[in-house]
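# A closer look at the structure
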Amino acid sequence: MAPQPGTFVGRGFDTCTAPSQSAMNAWRANSPYRAVGIYISGASRSCAQPNLTATWVANQVANGWRLIPIELGYQAPCGTRTPKMSANPATARTQGGSAADSAVSAAQALGIGAGSTIYNDMEHYPSNASCKAAVLSFLSGWTQRLHARGYLAGMYSSGSSGIRDVCDAYHDPAYTRLDQIWIAWWNGVADTDAGSYCPDDYYANHQRLHQYAGEVTETWGGVTIRIDRNYLDVSNATGPPPGEEWSVTLDNSGPGFTASANWGTSAFSAQRFGADYRFANPVSSSDVAWYSTTTPATDTYAVDVWYPADAGYNTAAPYIVATTTGNQSVTVNQRAGGGQWVSLGVFTLPAGAGNKVGVSRWTSGTGYVIADAIRLTRV
């Protein structure tokens, strides 16, 4: 099956429950629509999907329909819908990755393969600075994981909340950019303009869908369905090549982190990444706190680290990077530059699971050695 919705310009509709085969046939023969949104996964889906099977999907594609796969799950922490993502950006990023894995599993079960775009449905929320940070971090995790799994990442949201927030962060290196945006702006115009919500030169290369009317009832071929109207101008050739861009962020409180009991836990510094961080006195022996993950290929990766800075922290904290040619050590003064991503450099890492970056206590520097968060990005 070709990637969905693939490269397509034209009208589409979405509706809560995937219509029956006879309804799809009637609309294919009589309506102006050639794309259909389907809710494939997510804990916030409110409709049963008795028709949505791999056979149904294959039949629609064979009949010329383009599919718009939708995940409706975690919602903004400041919104009213549930389940809500964490207000903590680090946790929200992890939840975005988990949502992507769930959506990919659902897509694959339906026969919607790599190269397709999956759209995260982020319903309207009353945006503020902290809520925006959580949503953008969630979407970064969503995008990174989908890329690692070979899919493109989209988001559906209202122009005045999610779309505006994503477009405001278009050039912000702290977040991973989506491949496509789906703009909910019910102005009745079948185009991909976003008005004041997003500049025209953002997501401009066949990267937009526009839901221009909602909750309307239409009848085609004698079959009546309540729908939202959409206009698409999309291509699966835009954005990062599926599977090539990959990034993962590992926090000390998340999966993949291991440390001995000698490493204490603290939430003292407001510069920390996530809820807390680990600390230990320097010693003249090996006692490494490791971050482990699965890298998709033997390739070059940018390695960044995050730590809170304090006058009592280590002047020469040794970070260890497990490269294809052995461990390489980079020392960092943790009394300066805290509360942001700090680059260790670009290294060749082996493919597969294993320890990738560690923080060692074996140093002649003075002060607590800190282990907070690390980030790997395939370059």
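Residues numbered from 1 in each chain as written. Predicted model: local features only at pLDDT ≥ 70, side-chain atom pairs only at ≥ 80, totals over all residues. Heavy atoms only, no water.

Here we take up the overall build of the chain. A count of helical and extended segments in the chain gives five helices and 20 strands. Taking 2.2 N^0.38 as the reference for a compact globule, 379 residues should give roughly 21 Å; the C-alpha atoms of the chain span a radius of gyration of 23 Å, in line with that estimate. For the chain, the C-alpha atoms occupy an extent of roughly 80 × 40 × 35 Å along the three principal directions. The proportion of buried residues among the 379 residues of the chain is 53%. Put simply, 77% of the contacts in the chain that link residues at least 6 apart link residues at least 24 apart. Accessible area of the chain: about 14,400 Å², with a carbon and sulfur share of 49%. Taking the 23 positively charged and 26 negatively charged side chains of the chain as two groups, their mean positions are separated by 3 Å. (Helix = DSSP H or I, 4+ residues; strand = E, 2+ residues; numbered from the N terminus. Rg over C-alpha atoms; globule rule 2.2 N^0.38 Å. Buried < 20%, exposed > 50% of the residue type's maximum accessible area, 1.4 Å probe, protein only. Contact = heavy atoms within 4.5 Å. Areas by Shrake-Rupley, 256 points an atom, 1.4 Å probe, with all protein chains shown as cover. Lys, Arg positive; Asp, Glu negative; His and termini not counted. Charge placed at Lys NZ, Arg CZ, Asp CG, Glu CD.)

The strand order across the open sheet formed by four strands is 9-20-14-17, and the pairing between neighbours is antiparallel. Each edge of the open sheet carries a strand with a single partner, namely strand 9 (247–251) and strand 17 (342–349). Averaged over all pairs of adjacent strands, the angle between their axes in this sheet comes to 20°, without regard to strand direction. Pairing of strand 14 (residues 299–306) with strand 20 (residues 373–378), which is carried by six bridges, proceeds in the antiparallel orientation. When the sheet's bridge partners are listed, Tyr301 is paired in strand 20 with Arg378. (Pairing = 2+ DSSP bridges. Axes fitted to C-alpha atoms, helices over the stretch in contact; angles between N-to-C directions.)

Here the focus is the sheet that holds strand 2 (residues 35–41). Strand order in the closed barrel formed by eight strands is 1-2-3-4-5-6-7-8, and the pairing between neighbours is mixed. Looking at each pair of strands side by side, their axes are set apart by 35° on average, direction ignored. Here strand 1 (residues 8–14) runs beside strand 2; their pairing, made up of three bridges, is parallel. Looking at the pairing, Gly12 lines up with Ala35 of strand 2. Sheet strands touched by helix 1 (residues 21–30): strand 1, strand 2, strand 7 (207–220) and strand 8 (223–234). Its angle to strand 8, the strand with the most contacts, is close to 60°.

So, about the nonpolar core. Core analysis: the biggest nonpolar cluster contains 56 residues, and Ile118, Leu139, Trp142, Leu178, Ile181 and Tyr203 have the highest contact counts within it. For Leu178, the residues in contact, after removing those within four places along its chain, are Leu139, Trp142, Thr143, Ala153, Gly154, Met155, Val166 and Tyr203. Counting 29 residues, the second-largest nonpolar core is a separate cluster that includes Val303, Ala317, Leu344 and Val359. (Core = buried A, V, L, I, M, F, W, Y, C linked by side-chain atoms within 4.5 Å.)

Look at the UniProt record and you will see "domain: Rv2525c-like glycoside hydrolase-like" (unreviewed entry) annotated at residues 25–231. For residues 25–231, the end-to-end C-alpha separation is 20 Å, with 32% helix and 26% strand making up the annotated structure. (UniProt positions renumbered as here; feature names shortened; annotations may be inferred.)

In this structure, Pro5 sits in the segment before strand 1. Here the alpha-carbon distance between Pro5 and Val234, two residues 229 residues apart in the chain, equals 7.7 Å. What Pro5 contacts, discounting residues up to four positions off in sequence, is Arg66, Leu67, Thr117, Tyr119 and Val234.

Okay, helix 3 (residues 89–109) next. A rise of 1.5 Å per residue sets the reference length of helix 3, with its 21 residues, at 30 Å; its end C-alpha atoms lie 30 Å apart and thus fit the reference within 8%. Inspection of helix 3 places Ala90, Ala92, Arg93, Gln95, Gly96, Gly97, Ala99, Ala100, Ala103, Val104, Ala106 and Ala107 among the buried residues, and these make up the whole buried set. Sitting at the amino-terminal end of helix 3 is Asn88, which places a side-chain oxygen 3.0 Å from the backbone nitrogen of Ala90. Two residues or fewer after helix 3 comes Gly111, characterised by a positive phi angle close to 90°. (Expected span 1.5 Å × (residues − 1). Polar contact = N/O pair within 3.5 Å; in protein donor to acceptor, adjacent residues only side chain to side chain.)

Let us now look at unusual backbone geometry. Backbone phi values are negative for most residues with the exception of glycine, while trans is the configuration of most peptide bonds. The peptide bond linking Gln4 to Pro5 adopts the cis configuration, its omega dihedral lying at -10°. Cis geometry marks the peptide bond from Thr82 to Pro83, where omega comes out at -5°. Relative to the elements of secondary structure, Pro83 occurs in the loop between strand 3 (66–71) and helix 3. Positive phi outside glycine occurs at Tyr203, with the angle close to 50°. Its location among the elements puts Tyr203 in the loop between strand 6 (180–184) and strand 7. Since its relative accessible area comes to 2%, Tyr203 is described here as buried. Phi is positive for Glu215, which is not a glycine, with a value near 55°. Locating Glu215 in the fold gives a position in strand 7.

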